[in-house]
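Listed below are the residues making up each chain.
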Amino acid sequence: MKKIYSIIFLLMFVASVVNAADRYSVASTAWNLTATWSATSGGASGASVPVAGDNVFIEGGFTVSITVNAACANLTIGTGTSGTLSFNSTTNRTLTVSGFISIASGSTLTTANAAGANSHSVLVAGNVTNNGTLDCITSDDLINFTFNGAANQTVSGTGGTTDFNLITVNNTGATGSNIVEVSTTNFTVPAAFLTPTDGVFKVSGSFVLSNTFFTPAGYSIPAAGGLWLNNANATVTAQGSDVTLNGSLQITAGTYNVGTGTGDDMRYGSGASLTIDGGTLNVAASFSGTSSPTLETITFNMSSGTFLLSTFDNSSTSRENLEISVAGSSFTMSGGTIIIQTVGSDAAVNEWDMRAGTISITGGTLQFGNASTPAASTFEITSLSTTPNVVISSTNSPALMLNGVTTFSGNVTINTGATLNANGEDISVSGNWTNNGTFTPGTTQTVTFNGAAAQTIGGTTATAFLGLTINNTSGGVSLSQDVNVTGTMTFTSGVVTSTSTNTLIINDGAGASGASNSSYVDGPMQKLGNDDFTFPVGDPAGSYHQLRLVNTAGANGDGFTAEYFRASGAALGTVPSPLIEVSNCEYWTLTRDLGTSTPNLFVSWTAQSPCGGFPYTTSLTGLTVARLNSGVWQLANGTDQAATGSVGVGGAGTVADNGISLFGTFALGNTQPQQNPLPVKFSNIRAFEKQQGIQIEWTAYQEENLSRYSVERSADGITYNSIGEVASRNSAIETKYGFFDASPIQGVNFYRLRTIDFDSKFAYSSIVKVNLDKTVKDISLYPNPATGGYISFQGADLAKGNYIVKVYNSAGMQVMGQSFTHTGGAINQTLKLPAGIKSGMYSLQLVNGDVKLMSKTFVVQ
């Protein structure tokens, strides 16, 4: 049975081959004469006239005239030497080609300019390749092409003349497989040449083309049709009317112009798509739906190029300049620039209305104004809009006003002379904020920084926010310019990083709320006025350590700046009686910048205060506020209050000093013996790989009543277990210790020291770690800003070797250098800065031989 089926299939195949005959021209006569054709190249004439299934070859040296309607499969013009196929009839004739058309070098497809004006037609379902002459316009005789394939078609070749008249695209292939692409070396067409009935006409190549494409002036790209501009030298000339996009338009290269004057819009119908991945699209007035206001849906994609809107006035009373506002629409932007040049003449019209149901913005820029914008123009954004990166132009002093809650899905740049008027509307920003002009918040307004990566607030102008919310989930917000808050500062998530030159300022009458271990200020911040205020300052490693002022007796002109440091306060100076101890883990600086008031100062401790996060305060008795005075720790100059709160593991509370008049550096102190260990002072605690284990080394420079050190190890930095003990030498001078862990964890090892007194009180050192899998590397500086003439750097995993630490000032001059040998693994080194080093910005470089491993900046106060 299988053999029978195989024979039947073979017979069917042979029959199909026989039916598709080849026909070769052997005479210069008419297509419809048998004398013109042979069944073989150079054979005898008399073969049947070609029909729809035949492959036709116009051989070199012959001219075949089409005087009747004709058809074939594939058409090859020119074999060996030149050949010509010419329409030569006083009646309009049609040539139907179900396959390809190929014109060889030196060969021609043309019309013979018979008497009268004739418009002949070629219907082609395959590719057209012209390496010779394709001339569809001869005096008043014309040839019009219709591309009617069921899959992608091309027009290619290097012929010196590729001169089309009218082109109709009626390709019935599925979306993406219905493209007719022109990429010939030369290509000419008359004005209004294109009818994209079904399928996409794609202009590629590099030939020069500048013309109108459609007729009439108010043309429409139908729902099944499309145009793809992919030639940098191609320009679609504008026509003086509205344009309707019901199908697809893609700009990859070249320039597409719509409209020549006021009110000439590009309007889209439901289901339309616009893709801009290069080139330029210029629209005279608005881009909106065919309804007014817009009720239509569109798919918009932009990854590159320029979309210039409103080169003339948008005169509509209800169409926004760019309006994609229906839930079924999709707006995707990853690059490119949208520029809105002119505001609408009607005050009720906004220039941007982006409320599509699906919005994906990962890049790109929305620019309001350019050099051609009329002076002092005010652009407007409608309610609940979303934007990409926004730039307000620096020319002609434009302004952008919000008419509803606005989401900036990227950066906001207010250029010099420009204004962003929030108009009392809330804003969310996921990128950076650069203010070189003017920001006006309005009477009730909050700007929320809610990026998922690091954000910056900067520019040449200090921004005054009414309400400011930090809700950054990763990376925090850094200040590169002063920031003023005149209303409420809200901390939700993310750390604000400030410096002495780029400070967060809470104005008189303003407040701050919500600070926690996940959201606070790392660096200096200022409070103006006489309000009671809790400074939401904290540790760059991730914890909140408040400092509170009660200043109700102060004046409106008061000003205070506070900053928290996660570093040893005891290391900054001596601790004479009546103080017994000062915190070795943290301290604050507080300066009175303005006024003469003497507020009450509350110093805090939390579960995160201890070095290592364990018992730090053991009794409320004896806790006090200590102040550093010229290298000596003293009781603060006010009147102590009793400490309040809880002690021990997880303890938290405050101790206050009333009516302080001297400011500077403050820390938690202790005046009672056998109370509040405020951990033993350590220096240069480090851990590193040695042989098949890990060596832990540390230096103690003040031991008293200390029994022993318990070395504890953890795999996660949370749960620790003792792996050995080292007896204390109870030395009053610098003493070095070491311990070898012969069985470390295969991965990250965290180590800390538990110091145990003879009376069983204990405290913890800072934590170091060694990463045996070598996948994590980190080097950090602290404290930053540096105070007291010292700065430390800590690395989680530094290779064995000889290193040099170099410090450079802001002018690039080296001010110190120190070499050391490292045995590998974690490192914690404290450097003594040069005596008399000036305040300012410095750079610390770690060098191994000729290789600079890292460079980090720090500030000396």
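Residues numbered from 1 in each chain as written. Predicted model: local features only at pLDDT ≥ 70, side-chain atom pairs only at ≥ 80, totals over all residues. Heavy atoms only, no water.

A. Fine view of the overall build of the protein. A count of helices and strands for the protein gives 1 helix and 84 strands. Taken over C-alpha atoms, the radius of gyration comes to 40 Å for the protein, far larger than the 29 Å a tight globule of 861 residues would show. The dimensions of the protein, computed from C-alpha atoms along their principal axes, are 125 × 70 × 60 Å. Residue burial in the protein is summarised as follows: out of 861 residues, 52% are buried. Of all intrachain contacts in the protein linking residues separated by at least 6 positions in sequence, the fraction that spans at least 24 positions is 57%. Looking at the protein as shown, the accessible area adds up to about 32,600 Å², and 51% of this sits on carbon and sulfur atoms. (Helix = DSSP H or I, 4+ residues; strand = E, 2+ residues; numbered from the N terminus. Rg over C-alpha atoms; globule rule 2.2 N^0.38 Å. Buried < 20%, exposed > 50% of the residue type's maximum accessible area, 1.4 Å probe, protein only. Contact = heavy atoms within 4.5 Å. Areas by Shrake-Rupley, 256 points an atom, 1.4 Å probe, with all protein chains shown as cover.)

B. View of the packing of aromatic side chains. Summed over all chains, the structure comprises 31 aromatic pairs. An angle of 40° between the planes, with centres 5.2 Å apart, marks the rings of Y268 and F287 as tilted. Residue Y268 is located in strand 26 (residues 266-268), and its partner F287 is located in strand 28 (residues 287-289); the two are separated by 19 residues in the primary sequence. Counting every residue linked through ring pairs, the aromatic cluster contains Y268, F287, F300, F307, F331 and W352. Geometry around F533 places K527 over its ring, the cationic atom sitting 5.7 Å from the centre. The residue whose ring lies beneath R729 is Y737, and the NZ or CZ to ring-centre distance is 4.6 Å. (Phe/Tyr/Trp six-rings, centres within 6.5 Å; stacked < 30°, edge-to-face > 60°. Lys NZ or Arg CZ within 6 Å of the ring centre and 35° of its normal.)

C. Up close: the sheet that holds strand 34 (residues 378-381). The sheet built from 4 strands is open, its strands ordered 34-37-40-43 with parallel pairing. The two strands at the open ends of the sheet, each matched to only one other strand, are strand 34 and strand 43 (438-440). Pairs of neighbouring strands in the sheet enclose a mean axial angle of 15°, with direction left out of account. The pairing of strand 34 with strand 37 (residues 399-402) spans 4 bridges and is parallel. Counterpart to T378 in the pairing with strand 37 is A399. (Pairing = 2+ DSSP bridges. Axes fitted to C-alpha atoms, helices over the stretch in contact; angles between N-to-C directions.)

D. Representation of the sheet that holds strand 50 (residues 488-493). Judged by pairing direction, the sheet is parallel, and its 7 strands sit side by side in the order 35-38-41-44-47-50-53 without closing on themselves. Both edges of this open sheet fall to strand 35 (385-387) and strand 53 (511-513), since each of them pairs with a single strand only. Neighbour-to-neighbour, the strand axes of the sheet open up by a mean angle of 15°, direction not taken into account.

E. A look at the nonpolar core. Membership of the largest hydrophobic core comes to 137 residues, with the highest contact counts inside it found for F145, Y256 and F307. Excluding its chain neighbours within four sequence positions, the residues that come into contact with F307 are L274, I276, L281, V283, F287, F300, M302, L322, T337, I338 and I339. Counting residues in each nonpolar core, the second largest holds 19 residues, with F793, V805, F820 and M854 among its members. (Core = buried A, V, L, I, M, F, W, Y, C linked by side-chain atoms within 4.5 Å.)

F. Highlighting the environment of P783. Mapping P783 onto the fold places it in the loop between strand 78 (779-782) and strand 79 (790-798). On a C-alpha basis, the gap between P783 and G557 in space is 31 Å, while along the polypeptide they are 226 residues apart.

G. Structural context of unusual backbone geometry. Here T215 and P216 are connected by a cis peptide whose omega angle stands at 5°. Turning to its location among the elements, P216 is positioned in the loop between strand 21 (209-211) and strand 22 (220-221). Phi is positive for S630, close to 55°, though the residue is something other than glycine. Within the secondary structure layout, S630 lies in the loop between strand 64 (623-629) and strand 65 (632-635). The exposure class assigned to S630 is exposed, which follows from its relative accessible area of 73%. Phi is positive for Q691, close to 55°, though the residue is something other than glycine. Within the secondary structure, Q691 sits in the loop between strand 70 (681-690) and strand 71 (693-702). Since its relative accessible area comes to 70%, Q691 is described here as exposed.

H. Looking closely at the pattern of salt bridges. Evaluated as defined, the whole model comprises 11 salt bridges. The shortest N-O distance in the salt bridge between D265 and R319 comes to 4.0 Å. Taken together, the residues span a long stretch of sequence, with D265 in the loop between strand 25 (248-258) and strand 26 and R319 in the loop between strand 29 (298-309) and strand 30 (323-324) at a distance of 54 residues. As far as the burial class goes, D265 and R319 line up, both buried. Linking R713 and D741 is a salt bridge whose minimum nitrogen-to-oxygen distance equals 2.8 Å. Residue R713 is found in strand 72 (residues 706-714), and its partner D741 is found in strand 74 (residues 735-741); the two are separated by 28 residues along the sequence. In the salt-bridge network here, residues are joined through shared partners; they are D242, D265, R267 and R319. (Salt bridge = Lys/Arg side-chain N within 4 Å of Asp/Glu carboxyl O.)

I. Inspection of the pairing of strand 7 (residues 84-87) at higher detail. Neither face of strand 7 is open: one carries T84 and S86, the other L85 and F87, and all of them are buried. Sheet topology places strand 4 (residues 63-66) next to strand 7; 4 bridges connect them, and they run parallel. Across the sheet, residue S65 finds its bridge partner in strand 7, namely S86. Across 4 bridges, strand 7 lies against strand 10 (residues 108-111) in parallel orientation. Note on strand 10: the bridge partner recorded for L85 is L109.

J. How the structure looks around the side chain of E380. Assignment of secondary structure puts E380 in strand 34. For E380, the side chain forms a polar contact with the side chain of N403, separated by 2.4 Å. (Polar contact = N/O pair within 3.5 Å; in protein donor to acceptor, adjacent residues only side chain to side chain.)

K. Spotlight on the pairing of strand 45 (residues 455-458). Alignment of strand 42 (residues 433-435) against strand 45, held across 2 bridges, turns out to be parallel. Within strand 45, the position partnered with W433 by the bridge is I457.

L. Focus on the environment of Y544. Within the fold, Y544 resides in strand 58 (residues 543-544). Looking at Y544, the relative accessible area reads 15%, which means it is buried. Counting along the chain gives 27 residues from Y544 to N517, while the straight-line C-alpha distance between them is 4.7 Å. In contact with Y544, other than residues within four places in its own chain, are A515, S516, N517, Y520, T534, F535, P536, V537, G538 and T606. There is a polar contact of 3.0 Å between the side chain of Y544 and the side chain of Q546.

M. Focus on the side chain of T503. Take T503: it is sitting in the loop between strand 51 (496-497) and strand 52 (504-506). Here S500 takes part through its backbone oxygen, which lies 3.5 Å from a polar atom of the side chain of T503. Not counting chain neighbours up to four residues away, the residues in contact with T503 comprise L479, Q481, D482, V483, S498, P524, M525 and Q526.

N. Focus on the confidence of the model for the protein. In this model, the protein carries an average pLDDT of 89, and 92% of its residues clear a pLDDT of 70 or more. This stretch, residues 1-19, has a pLDDT under 50; its non-local contacts, to residues over four places away or in other chains, come to 1 contact. (pLDDT = per-residue confidence, 0-100.)

O. Summary view of the environment of W605. Relative to the helices and strands, W605 is located in strand 63 (residues 600-605). Residues W605 and L668, spaced 63 residues apart in sequence, show a C-alpha to C-alpha distance of 8.0 Å. Within the structure, W605 has its side chain in polar contact with the side chain of T617 (distance 3.2 Å).

P. Representation of the state of the cysteines in the model. Evaluated as defined, the whole model comprises 0 disulfides. C136 takes part in no disulfide bond, and the closest cysteine sulfur, belonging to C72, lies 15 Å away. (Disulfide = S-S within 2.5 Å.)

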